[in-house]
Amino acid sequence: MTVQPRHGCWRVVRRGWPRAGVGDSHAVEQGLAFWDLSLPQLDQLYVLALIDCVRDMTKMGRLWGLEGELMMVRRRSLAFVGVAILAPLVVSAASAQAASGSLAVTTLGRHGGKVSTTVTVVAVPSGQTYRVKSGKRISLPSGRYIAMTDIYESATDGSGTDTIGAQVVQVSGSTSVTLDARKGKAVKVSLDTPADVTGPPQISAQVCAATVGNMPSAFSAGGWNEQGALYAIPNSSKLLQFGYMAQWSGNDSYVTVKNTTGIPAAPGGSFTRSKLATMRFSVRSGTQIGRQNSIALQAQPKVDDCTTDLMAGVHDDSAPYSAVAHVTPGTWQPRDDIFASNGDDVGGGFPKVRTLKAGQSFTQYFGRAAWSPMHYLPMVGHKSVTFFPDALIGDPDVGVSGADPTKETVVLSKGGTTIKKQTLTNWGSSDAEFSAGIRSVGWYHLTVDAHRYRPGITFPTGMLSSRATLDWYFKADPAKSVVAPVFLTRFLPTGLNSHNQAAPNSTTTVGVSAGRGSQGPDVKFTTVSAKSVRVWSSADGGKTWKAAAVKHSGSTWQASVHNPASGVVALRSEVTDSVGDRSVETVYRAYAIG
């Protein structure tokens, strides 16, 4: 099957692309500067390649100033093994400039007949990329190129075959080259699988331009199929890399990856379970805006190669559930996608990447209570207080990328007088921002009341963490640029079941951590220590509050919350420092009783 790029665009965001709106050229320039690139090198950046990739980039209603072509044609669902790659900006055959030569690529199937494919042609070393139908001549500047494709041949009695091939060609005048699937060698991968694994591995593989840019997988062609139906044409050129991912499925998943320089004469490899690492997944329910959770792993080698972003789907089901994947030692990116009842991909994100050694095990949680505000703090500067109302209700185990869209009311006041009140949402907007001018040194209140907000879907009945509020009290000087000396709190109730429920009339120990982080290089960030932390709980939706006993342990606090017989529990914290700055955070419906 021809591999369609999927989800890789988020790597651009994860690597630091700044906030940007559609067509925001200034933000694009900032992003280029972040990577030490110039605008003429934009063709070597990576853009959207599939519609769900756009969902990642537009999650919570924002675009990031980049657009790419959408290649939505798939011959079969990539449910178990997929590829997540980044597509370079491409030039059509008709738009090649300064052409002094031409190239025609013929692709032959495994029985010798011509097969129509789309060929990717990459200039070496510039990375200028062209796509052209096989057999069609394209005008090109003279020079060296890599022509690569997946020769897919359908079959009436199965999934057909894929043959991946590439050839380095020197274009001068009228040049022709043939990629012949009859020369392809089967990609053979073996593993001492347990008895519950009965089928052959699913393999996704690709050939990449090894010396173009610093991410070979951005310049690639590939396919996927069952073992025995996937082939690769050997080519020893050091200008190429070949990467593959194999996945066996039983009670657990087994996922292996391998990268080589060139396409080997005998592509594949042998693996043993005893030399694999283990990634365990625990997916809880009740906190997400959709019930269907799809979890996956993407290969993230420390030095990008042709396996970068190859993706294996681990499990797809209604939460709660657990799943286990045994993987090749190395660095892996866990991810989840959340689907609403209407089928829309409405959430998910990318937790911290994990580097695992052979025999090592790690558990990745998704959906643990309580979801709460993450990262964004008020900033003082340019005679104003500014706050980005983003990531206000999100999965702390995932991070900012796992936050849901919200609608919030933000109010800045001083001495009981309202300076500014504004209702905003980060759904359908790339520039939600609260900014209010201040004229004098003094103590200010900034309050935020956020509700999850996602038009077009129905939230699950009884959804937890539906609302979060912040009440910050801090001293500000309009002449000084600084991150306000306030905190965000994370609540982690322990002992909950997979539905994020505590036992009736029990006592729950809630881990409480107070944190703050830099808001960017342009705003001074100071170290602030929490002097005291207090915690309350409510069993009636915040009408009344009961103080919890709190113990300080290292850098965190432990609160003992006495649970009601039924219903839900709200949590509130108050963090103060030595000079009177105060941070109050409340998560409504933090966890349930059941």
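For the structure given in this document, a descriptive report is provided here. Everything numeric here is computed off the predicted structure, so don't read it as measured data. Counting of residues starts from 1 at the beginning of each chain's written sequence and follows it residue by residue. Only residues with pLDDT of at least 70 get local features here, since the model is predicted, and only at 80 or more are side-chain atom pairs given and counted; chain-wide, interface and lining totals rely on the full set of residues. Hydrogens are left out, water is left out, and the side-chain values use all remaining heavy atoms of the structure.

### So, the state of the cysteines
The disulfide criterion is simple: two cysteine sulfur atoms within 2.5 Å. Taken as a whole and judged by the stated rule, the model has one disulfide. There is a disulfide in this structure between cysteine 208 and cysteine 306, and the S-S distance comes to 2.0 Å. Taking the sign of the torsion about the S-S bond as the criterion, the disulfide between cysteine 208 and cysteine 306, at about 80°, is right-handed. Here the residue cysteine 208 occupies a position in strand 14 (residues 202-209), and cysteine 306 occupies one in the loop between strand 21 (292-299) and strand 22 (310-318), the gap between them amounting to 98 residues. As far as burial versus exposure is concerned, cysteine 208 and cysteine 306 are alike and both buried. Each helix is a run of H or I in the DSSP string that is no shorter than four residues. Each strand is a run of E no shorter than two, and both are numbered from the N terminus. Buried means the residue's accessible area, taken with a 1.4 Å probe over protein chains only, is under 20% of the maximum for its type, while exposed means over 50%, and partly exposed covers the values in between.

### As for the pairing of strand 13 (residues 188-191)
Of the two faces of strand 13, the one lined by Val189 and Leu191 is fully buried and the one lined by Lys188 and Ser190 carries no buried residue. Two strands pair when backbone bridges link them, and strand 13 and strand 19 (residues 268-271) are joined in this way by four bridges, in the parallel orientation. Bridging across to strand 19, serine 190 finds its partner in serine 270. Think of it this way: DSSP has to see at least two bridges between two strands before they count as a pair.

### Points about the packing of aromatic side chains
Two aromatic rings from Phe, Tyr or Trp, using only the six-membered ring of Trp, form a pair when their centres are within 6.5 Å; if the ring planes differ by under 30 degrees the pair is stacked, by over 60 it is edge-to-face, and anything between is tilted. Summed over all chains, the structure comprises six aromatic pairs. Ring centres 6.5 Å apart and planes at 70° place the aromatic pair tryptophan 545 and tyrosine 588 in the edge-to-face group. Highlighted residues: tryptophan 545 in the loop between strand 39 (532-538) and strand 40 (546-547) and tyrosine 588 in strand 44 (residues 582-593), separated in sequence by 43 residues. We classify tryptophan 545 as partly exposed; its relative accessible area is 22%. Looking at tyrosine 588, the relative accessible area reads 11%, which means it is buried. A cation over an aromatic ring shows up here: lysine 407 above the ring of tyrosine 453, its NZ or CZ 4.4 Å from the ring centre. Throughout this description, the term charge over a ring refers to an Arg CZ or Lys NZ atom that lies within 6 Å of the ring centre and within 35 degrees of the ring normal. In this arrangement the basic side chain of lysine 420 is found over the ring face of phenylalanine 434, its NZ or CZ atom lying 5.5 Å from the centre.

### Quick notes on the sheet that holds strand 28 (residues 379-381)
What the four strands build is an open sheet, ordered 32-29-28-35; its pairing is antiparallel. Looking at strand neighbours, the two that pair on one side only are strand 32 (434-437) and strand 35 (482-483), the edges of this open sheet. Relative to strand 29 (residues 384-387), strand 28 runs antiparallel, the two being bridged by three bridges. Pairing of methionine 379 across the sheet is with threonine 386, part of strand 29.

### A few points about the side chain of serine 294
Summarising the element assignment, serine 294 is placed in strand 21. When its relative accessible area of 18% is taken as the criterion, serine 294 is described as buried.

As far as function goes, none of this settles anything; it's purely spatial.
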